[in-house]
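Inside the fold
Listed below, chain by chain, are the residues.
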Amino acid sequence: MAGARAAAATSSAGSSASSGNPPPQEPGLGELLEEFSRTQYRAKDGSGTGGSKVERIEKRCLELFGRDYCFSVIPNTNGDICGHYPRHIVFLEYESSEKEKDTFESTVQVSKLQDLIHRSKMARCRGRFVCPVILFKGKHICRSATLAGWGELYGRSGYNYFFSGGADDAWADVEDVTEEDCALRSGDTHLFDKVRGYDIKLLRYLSVKYICDLMVENKKVKFGMNVTSSEKVDKAQRYADFTLLSIPYPGCEFFKEYKDRDYMAEGLIFNWKQDYVDAPLSIPDFLTHSLNIDWSQYQCWDLVQQTQNYLKLLLSLVNSDDDSGLLVHCISGWDRTPLFISLLRLSLWADGLIHTSLKPAEILYLTVAYDWFLFGHMLVDRLSKGEEIFFFCFNFLKHITSEEFSALKTQRRKSLPARDGGFTLEDICMLRRKDRGSTTSLGSDFSLVMENSPGATGSFTYEAVELVPAGAPTQAAWRKSHSSSPQSVLWNRPQPSEDRLPSHQGLVEARSSSSSSSNHSDNFFRMGSSPLEVPKPRLAALSDRETRLQEVRSAFLAAYSSTVGLRAVAPSPSGAIGGLLEQFARGVGLRGISSNAL
């Protein structure tokens, strides 16, 4: 049943792409993006200004989840549990098909789950407790913030101010601190034992074994104070029974550089030598053998390669043979965390493994609404600062279309027919282009970087293909290297003029020659080289996975360009002192975010 539904979904996804028509749009996606770019979601404000829009978004999410899953709703009506979590927290119990229900039956009692959530919420930053958001093969993929530190002893309001750096929501959760919370916090030596003990019980109840920490710090420090902690530095080693993975990933501030480089992530490398970066990459050896990744080089990876490798790691964890769940978190759990949760959801959907009845426009709506908007991502603030991690997430889909990111790759590789060593012109055309091009070859419109051909046998790889401009004798050159030999052979193969390859315009994605977008006007669009340009259909046949992800990305770019657009960053007050005073003024409510910064 599940396989039939997955096949039907991939078939329908491929039909629109092959016809060359633009992907169908989700009717409410524009409204969602407009509301998202207008204000941050808060559960207690759901019935206020814009409440009807938020209610429609929430209702649509429940409808889309209900297409494939039986679920329960954990009420968070006025933000009683967490102010920046959905008012209707979805707990997926099992797939709605009878086959999947018999295969993976939920062992979780919702009433007990609610009790553990209420008891454990104070263990994590901002009360953003461990929350299951994806169900795959009976396993729960969860998200949260990192562990709360001693900074929260000073009260949620003061903590929020120090931690947020003076954002306008710094005092928003004062009323969230109950008498029970205060009594709990009054204990000193037993505080962590109690709240983290409940956090551990919640993790175990959800069968979570793997905890992936995206922080680049061991503890978050603001103005000299440790305001958060993390499982990897828990002095009492309360989390020793879990498999802890420290996979440091740049915070949202780094994505200002991504925007300033004209939204080009290739060649953009994080500065790991900064003083506050003290969390090294740490992954148990038994989890790395099958991935064929040199993890010792992680500080040399650019943003594309780092995101790709981390996603491969997460996919390998959830696709393992055991029944263990996964927790992904950063600091607050609303920037880096939704990035990887969204990529996981879309990648597994593209393989036909989850949300099998949803179309590309529908899965896009669900992940934007639920994974980003309803879990409190501050898009307004991020846009005003140029920290466009949200845009990066969906534009990045072009980098994970190949089979190496597929959870079905083992089965697919086994079913591939054997081939001889000969290559034809059609073979070259069918080689799928790797989106991450070399930054040193941008001067040539005819340079492509290729990835492994999906039908090739053995351990051959194809590193490059150079296409000679039209008018000159058309040639194709590629380098073939064998893993067991240091030598490589360069083949040149002339082709008759009537067999010229298709125009490079349909194969090479246009890139901007500008190094910074800060000089452009607000809501600008660059013809031909804009990151918002919807991809044109390619002549080469695409896999089901690539077709589906391409449709999601195209639908996002089309909707984003008509609502949010690419924005210039408003100038901040001159000097560091002025910037700090501006943060303080906004933090205490003396000044809101200026409208011209949005």
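Note that the coordinates shown come from a computational prediction; the quantities given were computed from them, not determined experimentally. (Residues numbered from 1 in each chain as written. Predicted model: local features only at pLDDT ≥ 70, side-chain atom pairs only at ≥ 80, totals over all residues. Heavy atoms only, no water.)

**Some details on the environment of Tyr-258**
Note the cut-off: Put simply, DSSP H or I for four residues or longer makes a helix, DSSP E for two residues or longer makes a strand, and each gets a number counted from the N terminus. A 1.4 Å probe rolled over the protein chains alone gives each residue an accessible area, and that area as a share of the maximum for its type sets the label: buried under 20%, exposed over 50%, partly exposed in between. Between two residues, a contact is recorded if the distance between any of their heavy atoms is within 4.5 Å.
Of note, Tyr-258 is situated in helix α9 (residues 255-260). The exposure class assigned to Tyr-258 is buried, which follows from its relative accessible area of 1%. Separated by 11 residues in the primary sequence, Tyr-258 and Ile-269 place their C-alpha atoms 9.9 Å from one another. Excluding residues within four positions of it along the chain, Tyr-258 makes contact with Tyr-263, Met-264, Ala-265, Leu-268, Glu-388, Phe-391, Phe-392 and Asn-395.

**A few points about the packing of helix α2 (residues 29-36) against helix α17 (residues 544-563)**
Here is the rule we go by: Note on method: axes are straight lines fitted to C-alpha atoms, helices fitted across the in-contact stretch only, with angles between N-to-C directions ranging 0 to 180 degrees. When an angle is under 35 degrees it counts as roughly parallel; over 145 it counts as roughly antiparallel; between 65 and 115 it counts as roughly perpendicular; any other value is oblique. A clockwise turn of the near helix away from the far one marks a right-handed crossing, whereas an anticlockwise turn of less than a right angle marks a left-handed crossing. Following the grouping adopted for this structure description, the nonpolar residues are Ala, Val, Leu, Ile, Met, Phe, Trp, Tyr, Cys and Pro, the charged ones are Asp, Glu, Lys and Arg, and the polar ones are all others, Gly among them.
Running from amino to carboxyl end, α2 crosses α17 at an angle of 55°, the nearest separation of the two axes being 9 Å. On the basis of the axis angle, α2 is oblique to α17. The element α2 and its partner α17 pack so that their crossing is right-handed. When α2 is examined against α17, the residues Leu-29, Gly-30, Leu-33 and Glu-34 are found in contact with a partner set consisting of Ala-555, Ala-559, Tyr-560 and Thr-563. Classifying every residue of the contact of α2 with α17 gives five nonpolar, two polar and one charged.

**A few points about the confidence of the model for the protein**
Put simply, the rule is: The pLDDT score gives, residue by residue, the confidence of the prediction method on a 0 to 100 scale.
For the protein, the mean per-residue pLDDT works out to 72, and 59% of the residues sit at or above 70. Low confidence marks residues 156-187, where pLDDT is under 50. Its contacts with residues over four positions away, or in another chain, come to 72 contacts. A low-confidence stretch, residues 411-528 (pLDDT under 50), is modelled with 191 contacts involving residues beyond four sequence positions or located in other chains.

**A short note on the nonpolar core**
We count it as follows: In these notes, a set of buried Ala, Val, Leu, Ile, Met, Phe, Trp, Tyr and Cys residues joined through side-chain atoms within 4.5 Å is what counts as a nonpolar core.
Ranked by size, the top nonpolar core spans 126 residues in total, and within it Tyr-310, Leu-326, Tyr-370, Phe-390 and Phe-394 carry the most contacts. Sequence-distant contacts of Tyr-310, that is, excluding residues within four places in its chain, are made with Leu-214, Ile-247, Pro-248, Tyr-249, Leu-281, Trp-295, Tyr-298, Trp-301 and Phe-340. By size, the runner-up hydrophobic cluster in this structure holds five residues, among which are Met-122, Ala-123, Leu-191 and Val-195.

**What to know about the packing of aromatic side chains**
Applicable threshold: Ring geometry is summarised as follows: Phe, Tyr and Trp rings, the Trp one being its six-membered ring, pair when their centres sit within 6.5 Å, and such pairs are stacked at plane angles under 30 degrees, edge-to-face over 60 and tilted between the two. In this scheme, Lys NZ or Arg CZ marks a charge over a ring once it lies within 6 Å of the ring centre and within 35 degrees of the ring normal.
Considering all chains together, one arrives at 32 aromatic pairs under this definition. On the basis of an interplanar angle of 35° and a centroid distance of 5.1 Å, the ring pair of Phe-556 and Tyr-560 is categorised as tilted. Highlighted residues: Phe-556 and Tyr-560, both in helix α17, separated by four residues, approximately one helical turn. Each member of the pair, Phe-556 as well as Tyr-560, is classed as buried. For Lys-312, the ring lying beneath its charged end belongs to Phe-405, and the centroid distance is 5.2 Å. The residue whose ring lies beneath Arg-548 is Trp-349, and the NZ or CZ to ring-centre distance is 4.0 Å.

**Looking at the packing of helix α11 (residues 336-350) against α17**
Packing of α11 against α17 leaves a shortest axis separation of 9 Å and a crossing angle of 135°. Relative to α17, the element α11 is oriented oblique. Considering only the axes of α11 and α17, their crossing is right-handed. Facing Leu-346, Ser-347, Trp-349 and Ala-350 of α11, the residues of α17 in contact are Arg-545, Arg-548, Leu-549 and Val-552. Partitioning the contact of α11 with α17 into residue classes produces five nonpolar, one polar and two charged.

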